[in-house]
Amino acid sequence: MKRLHLKLNDPAFILNPYPKLELLRDTAPVFWDEVWGKTFFLRYFDIAALLRDRRLGRSLSNVLSRDELGFPPQNPLQKPFDDFQALHMLDREPPDHTRLRSLVQKAFTVSRVENLRERIEGIVAQLLEGAGTSFDVHGVLAEPLPVQVIAELLGVPEAFRAQLRPWSSAIVKLYELGYGEIDMIAASNAVLEFSEMLRGLVEERRIKASDDLISDLVRVEEAGERLTEAELIANCILFLNAGHEATVNGTTGAILALSQNDDARDLLATEAATNPNNSNLFKTAIEEFLRFDTPLPMFERWVLEDFEFTTKLGEVVLLKKGQEVALMYASGNRDPRKFSNPDSLELSRSENAHLTFGLGTHYCIGAPLARLEMQVALHSFLKKIPDFKLENSDLEYGNGFVIRGLKSLHVARI
Ligand code: HEM
């Protein structure tokens, strides 16, 4: 296995990681990163196999303690963050994961989510109403839409909404590699304040339930042993964060991709003018945007027991209990062994089993909601300015790779 170092936080890599990922996929599809201390996988079929392999998991704590691993004690500055991480479904493994996920699964089924279409259309119409024909589509549409939708779904009142984005940004900073003490403090403070706000809402729902997800979860918690209050709060924070971060970046990524491809832009604009937002072309186009520019390019897994992993092409990789692997979904999504012409944007691509929502146990619970929001947002945007062009002279991304997205995207009618 090759040993090298991938500078994930290099602004040039964040700006456009795809050429480097292509090079690595060809020359070092599995490599040991000496600085991050992880084995990286870049090919589609290897990533897909590892995501389905129960010898890997998102959490190691049910297998080994930090002491047993020889890890230094956790930094007390990030204790509130670590406590939160230990309680939400994304970082739990079965049976706890199964219990937590089944409590909320029904809120996110395709049919329950479909009932939100009209409401989402209303929110998008409102957001675009005063926007004119030259505006920052990130600030006007892509960012506020998913924040408002997930806040309404949970039942977070308007007064608290302005805080959701800053809290979430501080928390997700610790999902990046190579964060510092200032980030730990900011994330921990955000967890504490966020929890405090949610605790207040839980108390209110105990007195008077409403038609929202927090009320549903309070009912489960009061009914018995399936959910503790601490788990309820941690999972609500997870939904509020996961429920918007990637959708914001998926939406701006889609509009950016269209701005760089006139034929695709014209095709989808014509579709928007003549067909509804759930037409076949809109559905395949959203999948293609999500494949083409992956909003969450990389996820990690812990190795839960020693084993030899054989890649699809026959290389044998020894994985040791307590190590981490980094799975490059963004690279798998451009792997020519899986996708024909992977670097071209083909809006009607029909074979499109991308990795963007993950695979296996932790497959994104919010995928139907994210798809719906993107269909409505793109459709209304293209109806408003079908012949748009980019106004940004330089593209500026946030400084993380794990949650990769533009800070703004200025567009104008041609
Ligand atoms: C374009 C938008 C989205 C993308 C790209 C995305 C991507 C993902 C991915 C890749 C995972 C699995 C993580 C892993 O493999 O380790 C995941 C899990 C999750 N996502 Fe999403 N997501 C999106 C939108 C949403 C929305 C709208 C929600 C709404 C609540 C949501 C909630 C969650 C939750 C709760 C999990 C954890 C599931 C589990 O552990 O069983 N996501 N997401």
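All of these numbers come straight from a predicted model, not from anything done at the bench.

Undergrad: For this particular structure, what's the right way to read the overall build of the protein chain?
TA: Helix and strand content of the protein chain: 19 helices and 11 strands. Over its C-alpha atoms the protein chain spans a radius of gyration of 21 Å, differing by no more than 12% from the 22 Å that the globule rule assigns to 414 residues. For the protein chain, the C-alpha atoms occupy an extent of roughly 60 × 60 × 40 Å along the three principal directions. The proportion of buried residues among the 414 residues of the protein chain is 43%.

Undergrad: In this structure, what is going on with the pairing of strand S8 (residues 316-319)? I would like to understand it.
TA: Consecutive side chains along a regular strand alternate between the two faces of the sheet. As paired strands, strand S7 (residues 307-310) and S8 are joined by four bridges and run antiparallel to one another. Each bridged residue has a counterpart across the sheet, and for Phe-309 the counterpart in S8 is Val-317. Linking S7 to S8, which pair antiparallel, is a turn of five residues; within it Gly-314 sits at a positive phi near 95°.

Undergrad: What should I look at first to understand the site of the ligand in this one?
TA: Among the 24 residues in the neighbourhood of the ligand, the closest are listed as Gly-243, Ala-246, Gly-358, Cys-364 and Gly-366. Contributions of two or more residues to the shell around the ligand are made by helix H14 (229-242), helix H15 (245-259) and helix H19 (367-384).

Undergrad: Help me understand the sheet that holds strand S4 (residues 56-57), please; the structure alone is not making it clear to me.
TA: By definition, the strands of a sheet pair up through backbone hydrogen bonds, in either a parallel or an antiparallel sense. Taking strand neighbours across the sheet as the criterion, the six strands line up as S1-S2-S3-S9-S6-S4 in an open arrangement whose pairing is mixed. Taken across any chain shown, the strands that pair with only one partner, and hence form the sheet edges, are strand S1 (2-4) and S4. Two strands pair when backbone bridges link them, and S4 and strand S6 (residues 298-303) are joined in this way by two bridges, in the antiparallel orientation. What sits directly across from Gly-57, in S6, is Trp-302. Strands strand S3 (38-41), S4, S6 and strand S9 (324-328) of the sheet are contacted by helix H3 (residues 44-51), whose axis makes an angle of about 130° with S9.

Undergrad: Before we go on, may I ask you to explain the packing of helix H11 (residues 158-172) against helix H12 (residues 181-207) in this structure?
TA: Pairs of packed helices are described in terms of their axes, by the angle between the two and the distance that separates them. One can describe the packing of H11 onto H12 by two numbers: an axis separation of 8 Å at closest approach and a directional angle of 145°. Considering how the two elements wind past one another, H11 and H12 form a crossing that is left-handed. Residue-level inspection shows Phe-160, Trp-167, Ala-170 and Ile-171 of H11 in contact with H12, the latter providing Ala-186, Ala-187, Ala-190, Val-191, Glu-193, Phe-194 and Met-197. Considered class by class, the residues forming the contact of H11 with H12 number 10 nonpolar, no polar and one charged.

Undergrad: Is there a simple way to think about helix H8 (residues 117-129) in this case?
TA: Its 13 residues give H8 an end-to-end C-alpha distance of 18 Å, which sits within 8% of 18 Å, the value for a rise of 1.5 Å per residue. All of the buried residues along H8 are Ile-120, Ile-123, Val-124, Leu-127 and Leu-128. Relative to the axis of H8, the buried residues are bounded by an arc of 125° and lie together on one face. Seen from the buried face of H8, the exposed residues on the opposite side, beyond 90 degrees, are Glu-118, Gly-122, Ala-125, Gln-126 and Glu-129.

Undergrad: Would you take a moment to explain the sheet that holds strand S10 (residues 388-390) for this structure?
TA: Pairing is antiparallel across the open sheet formed by three strands, whose spatial order is S5-S11-S10. Of all strands in the sheet, those bounded by a partner on one side alone are strand S5 (134-136) and S10. In this sheet, neighbouring strand axes are inclined to one another by 25° on average, regardless of whether the strands run parallel or antiparallel. With three bridges connecting them, S5 and strand S11 (residues 410-413) associate as antiparallel partners.

Undergrad: Looking at this structure, how should I read H15?
TA: Side chains of residues three or four places apart in an α-helix project in the same direction, reflecting 3.6 residues per turn. Compared with the 21 Å implied by 1.5 Å per residue over 15 residues, the 22 Å span of H15 between its first and last C-alpha is a close match. With respect to burial, H15 is a largely interior element, 13 of its 15 residues being buried.

Undergrad: I tried to follow unusual backbone geometry on my own but got confused; where do I start?
TA: In terms of backbone geometry, most residues other than glycine have negative phi values and most peptide bonds are trans. Note that the residue after Pro-94, namely Pro-95, is joined by a cis bond; omega there is 5°. Here Pro-95 shows up in the loop between helix H5 (79-85) and helix H6 (96-104). Positive phi, close to 40°, is recorded for Asn-341, a residue that is not glycine. Summarising the element assignment, Asn-341 is placed in the loop between helix H18 (329-332) and H19. Overall, Asn-341 belongs to the exposed group, with 9 C-beta atoms counted inside 10 Å.

Undergrad: Mind showing me how you'd approach the environment of His-362 here?
TA: Within the secondary structure layout, His-362 lies in the loop between H18 and H19. Assessed through the 20 C-beta atoms surrounding it within 10 Å, His-362 is described here as buried. Those residues within four positions of His-362 in sequence are excluded, and the remaining contacts are Arg-58 and Leu-90.

Undergrad: For this particular structure, what's the right way to read the environment of Asn-16?
TA: Residue position: Asn-16 is located in the loop between helix H1 (11-15) and helix H2 (18-27). Considering only alpha carbons, one finds Asn-16 and Asp-293, 277 residues apart in sequence, at a separation of 9.7 Å.

Conventions we followed
- What you see as residue numbers is a count from 1 along each chain, following the sequence as written.
- Two thresholds apply to this predicted model, a pLDDT of at least 70 for residue-level local features and 80 or more for giving and counting side-chain atom pairs, whereas whole-chain, interface and lining totals are computed over all residues.
- Secondary structure is summarised from DSSP: a helix means a run of H or I of at least four residues, a strand means a run of E of at least two, and numbering begins at the N terminus for each.
- The globule rule used here is 2.2 Å times the number of residues to the 0.38 power, and the radius of gyration it is set against is calculated over C-alpha atoms.
- Any residue surrounded by 20 or more other C-beta atoms within 10 Å of its C-beta is treated as buried, while 12 or fewer makes it exposed and the intermediate range makes it partly exposed; C-beta atoms here are placed from the backbone.
- Strands are treated as partners if at least two bridges between them are detected by DSSP.
- What makes a residue near a molecule or strand is its C-beta atom, placed from the backbone, lying within 6 Å of it.
- Placing a C-beta atom from the backbone of each residue, one calls two residues in contact when those atoms lie within 7 Å.
- Here the axes come from fitting lines to C-alpha atoms, over the contacting stretch only for helices, and the angles between their N-to-C directions go from 0 to 180 degrees.
- It is the rotation of the near helix from the far one that decides the hand of a crossing: anticlockwise by less than a right angle makes it left-handed, clockwise makes it right-handed.
- Classification used: nonpolar for Ala, Val, Leu, Ile, Met, Phe, Trp, Tyr, Cys and Pro, charged for Asp, Glu, Lys and Arg, polar for all others including Gly.
- By this rule, a helix spans an expected 1.5 Å times one less than how many residues it contains.
- The directions considered for the arc run from the helix axis to the C-beta atoms.

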